[in-house]
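Coordinate analysis (summary)
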Amino acid sequence: MKHFEANFDGLVGPTHNYAGLSFGNVASLSNAAAVSNPKAAAKQGLQKAKALADMGMVQGMLAPQERPDLHTLRRIGFTGSDAEVLNKAAKQAPALLRACCSASSMWTANAATVSPSADCADGKLHFTPANLVDKLHRSIEPVTTGNILAATFNNEKHFSHHQHLPEHASFGDEGAANHTRLCNEYGNKGLELFVYGQEATNPAAPKPSKYPARQTLEASQAIARLHKLDDDNTVYISQNPDVIDQGVFHNDVIAVGNQNVLFYHQQAFLNTQHKLDEIKRKFGSSELHFIEVPTDKVGIQDAVKSYLFNTQIITLPSGEMAIIAPTNCQENEAVHAYLQEVVTLGTPIKQVHYFDVKQSMQNGGGPACLRLRVAMNDTEVAAVNQHTLMNDVLFSELNNWVDKHYRDRLSVDDLADPQVLIESRTALDELTQLMQLGSVYQFQK
Ligand SMILES: NCCC[C@H](NC(=O)CCC(=O)O)C(=O)O
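All of these numbers come straight from a predicted model, not from anything done at the bench.

Considering empty space enclosed by the protein
- All chains considered together, the criterion is met by seven cavities of 30 Å³ or more.
- A volume near 210 Å³ is recorded for the largest cavity.
- A176, H179, T180, R181 and R373 are the residues nearest the centre of the largest cavity, which is lined by 19 residues in total.
- Elements that contribute at least two residues to the lining of the largest cavity include exactly β6 (179-182), β9 (255-258) and β15 (371-377).
- The dominant element in the lining of the largest cavity, judged by the number of residues it contributes, is β15, at four residues.
- Among the residues making up the lining of the largest cavity, the classes are represented as 10 nonpolar, four polar and five charged.
- Lining of the second largest cavity is provided by 20 residues; of these, S22, N25, W107, H137 and N363 occupy positions nearest its centre.
- Of the residues assigned to the lining of the second largest cavity, the class counts are five nonpolar, 13 polar and two charged.

What to know about the UniProt feature "active site" (unreviewed entry) in the protein
- The sites that carry the UniProt feature "active site" (unreviewed entry) are, in the present numbering, E174, H250 and C369. These annotated residues cover 196 residues of sequence, and their C-alpha atoms lie no more than 11.1 Å from one another, placing them together at a single site. Lining of the second largest cavity among the annotated residues: H250 and C369.
- By the secondary structure assignment, E174 is in the loop between β5 (159-161) and β6.

As for the site of the ligand
- Close to the ligand lie 19 residues, the nearest being L21, S22, S28, H137 and C369.
- Residue G20 places a main-chain N or O atom 3.1 Å away from an oxygen atom belonging to the ligand.
- The backbone of N363 places a nitrogen or oxygen atom 3.0 Å from a nitrogen atom of the ligand.
- Contact with the protein chains covers 100% of the free accessible surface of the ligand, which is 430 Å².

Quick look at the environment of K43
- Tracing the sequence through the fold places K43 in helix α2 (residues 38-54).
- In this structure K43 comes out as partly exposed when scored by relative accessible area, which is 26%.

Details of a nonpolar patch on the surface
- A grouping of I76, L96 and L136 is seen on the molecular surface, where their side chains present a nonpolar patch of about 250 Å² in accessible area.
- Take L96: it is sitting in helix α5 (residues 94-99).

Concerning the layout of surface pockets
- As a volume, the largest pocket reaches approximately 470 Å³.
- Forming the boundary of the largest pocket are 21 residues, of which D69, T72, R75, S139 and I140 lie nearest the centre.
- Elements supplying a minimum of two residues to the lining of the largest pocket: α3 (70-75), α6 (136-139) and α7 (142-152).
- When its residues are assigned to classes, the lining of the largest pocket shows eight nonpolar, seven polar and six charged.

Describing the packing of aromatic side chains
- Scanning all chains against the criterion turns up 12 aromatic pairs.
- Arranged with centres 4.9 Å apart and planes meeting at 40°, the rings of F263 and F309 form a pair that is tilted. With F263 in strand β10 (residues 261-265) and F309 in the loop between α11 (300-306) and β12 (312-315), this pair connects stretches of sequence that are 46 residues apart.
- Residue classification places F309 among the buried residues on the basis of a relative accessible area of 0%.
- Here the aromatic residues F8, F127, F153 and F159 are joined through ring pairs into a cluster of three or more.
- Taking NZ or CZ as reference, K50 lies 5.4 Å from the ring centre of F395, over its face.

Topic: the sheet that holds strand β7 (residues 191-196)
- Strand order in the open sheet formed by three strands is β6-β7-β8, and the pairing between neighbours is mixed. Every interior strand has two partners, whereas the edge strands, β6 and β8 (234-238), have only one. Here the average twist between neighbouring strands, direction ignored, is 25°.
- Sheet topology note: the β7/β8 ladder contains five bridges and is parallel. What sits directly across from V195, in β8, is I237.
- Contacts from helix α10 (residues 272-283) reach β6, β7 and β8 within the one sheet, and its direction differs from that of β8 by about 170°.

Examining the environment of S220
- Positionally, S220 belongs in helix α8 (residues 217-226).
- Judged by its relative accessible area of 0%, S220 is buried.
- Between the C-alpha atoms of S220 and F171, which are 49 residues apart in sequence, the distance is 8.2 Å.

Remarks on the sheet that holds β9
- Read from one edge to the other, the open sheet built from three strands follows the order β9-β10-β11, with strand pairing classed as mixed. Of all the strands in the sheet, just β9 and β11 (289-293) have a single pairing partner and so form its edges. Across the sheet, the mean angle from the axis of one strand to that of its neighbour is 10°, orientation sign disregarded.

Cut-off values and rules
Here the residue numbers are simple positions, counted from 1 along each chain's written sequence. Per-residue local features of the predicted model are confined to residues with pLDDT of at least 70, and side-chain atom pairs are confined, for both listing and counting, to 80 or more; whole-chain, interface and lining totals are unaffected and use all residues. To obtain the side-chain values, all non-hydrogen atoms of the structure were included, while hydrogens and water were left out. Grid points spaced at 1 Å and placed over the protein atoms alone form the basis of the search, with a cavity being a set where a 1.4 Å probe fits but cannot get out and a pocket an open set showing protein on both sides within 12 Å along at least five of seven lines. Lining residues have an atom within 4 Å of a point. Grid points are joined across faces, edges and corners, and a volume is the space filled by probe spheres set on the points. A run of H or I in DSSP counts as a helix once it spans at least four residues, and a run of E counts as a strand once it spans at least two, with each numbered from the N terminus. Charged residues are taken to be Asp, Glu, Lys and Arg, nonpolar residues to be Ala, Val, Leu, Ile, Met, Phe, Trp, Tyr, Cys and Pro, and polar residues to be all remaining types, Gly included. UniProt positions are given in the numbering used here, feature names are shortened, and annotations may be inferred rather than shown by experiment. Proximity is defined per residue: if any heavy atom of the residue lies within 4 Å of a molecule or strand, that residue is considered near it. In protein, a polar contact requires one atom able to donate a hydrogen and another able to accept it; more generally it is a pair of N or O atoms within 3.5 Å, and residues adjacent in sequence count only if both atoms are side-chain atoms. All accessible-area figures derive from a Shrake-Rupley calculation using a 1.4 Å probe, and residue coverage is judged against the displayed protein chains alone. Here's how the labels work: a residue is buried when its accessible area is under 20% of the maximum for its type, exposed when over 50%, partly exposed in between, all with a 1.4 Å probe on protein chains only. The patch calculation keeps residues exceeding 30% relative accessible area without a salt bridge and links them within 9 Å when they carry like charges or within 5 Å when they are nonpolar (Val, Leu, Ile, Met, Phe, Trp, Tyr). In what follows, salt bridge is the name for a side-chain nitrogen of Lys or Arg lying within 4 Å of a carboxyl oxygen of Asp or Glu. Aromatic contacts are taken between Phe, Tyr and Trp rings whose centres are within 6.5 Å, Trp giving its six-membered ring; a plane angle under 30 degrees counts as stacked, one over 60 as edge-to-face, and the others as tilted. Look at NZ for Lys and CZ for Arg. If either is within 6 Å of the ring centre and within 35 degrees of the ring normal, a charge sits over the ring. Between any two strands, at least two bridges found by DSSP are needed for them to pair. To obtain each axis, a line is fitted to C-alpha atoms, and for helices this fit is confined to the stretch in contact; angles are then taken between N-to-C directions over 0 to 180 degrees. Any two residues whose heavy atoms approach within 4.5 Å are treated as being in contact.

Here's what the structure looks like:
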């Protein structure tokens, strides 16, 4: 049996915009009210996904969410026709309208936490959608995320889909952005690392003071229970609260792992040595590479600006590892120098490939944010909805679909335009047919 780590990238939705919704996410705040280009954003994402498929990787796409979210606007008391609801919300509560229009589901690293079947006691592949309760605009994602995941991984024999965790700050959960899996081979039992920013039930534990910690230890522990993980194959690590306060709102802005490589910044974690020892002990005897980037080579500000750690580390069919980085890393002198050096360090990482994902980067989402990793064997890959898997046909269909339906300019003022809603629904309805997803959206029910 063959094993792979597939990447499922979020297709950027037609309402991609810059609304400054994410306090603690420096890029989101600094680009608030900038004019976006949804067409370019979607195409940048598709280019990256197709390039990985062309490298021989298993690559899928996850459909975006329905935005503007009329269902939520009606739930909070706006009434009348769709156009009236949008109009009233724009006048009476523009901030709430913006929250209901975000295309933030593109960052599928926050869609769910995924545990491969090799790690789970029942031998199934487990998914728990993230509740994303820390941000209003993201807290409205999990139900539809669950629908899209169930329509994509649509086989009960192999895939176990859980409900998102209770919608309370005690269970703040941001999905795979705070979760990394180490293993020697994808098909073998791995070590799941859960990184959290605060302990909800222990106020004395360290936590950031300026920006929110979006993930709690309690949420991570609940996921591990739901996914039937073994204590011996699970490590909980506290994120360094000081770096959260410098804009590291998810762990995947400061650390990334793949197979036997953990690539992280010197300041990423608390009690680093103690945690590395636990990882070594639980990982067992196989070779393990800790690539620690020191502050004197790359400072936190450079890491946050360039997204050096929001890179994907992938294992190519040749067995070599490659880093998939945003072009922003090339544009930062210290980071570019470091990436030129990292391929010479004698670790499995031998290549770096750069992609322009600037439309997403301007909202704080790099290559790693745009993808959900799903380690699978070939039987499981065959059980996935095949219309979601990237190949020449899907690439061309999705590009044509974007060309047909997407605008190349969208400002926050456009979000109240009923025409945007009509365009978005028309596009998504067609997409569900193209990807054979069934009725995953409220407007289709
Ligand atoms: N993993 C990357 C997530 C980025 C995302 N940005 C946003 O939602 C910005 C949306 C805006 O400001 O328009 C977030 O912060 O959760």
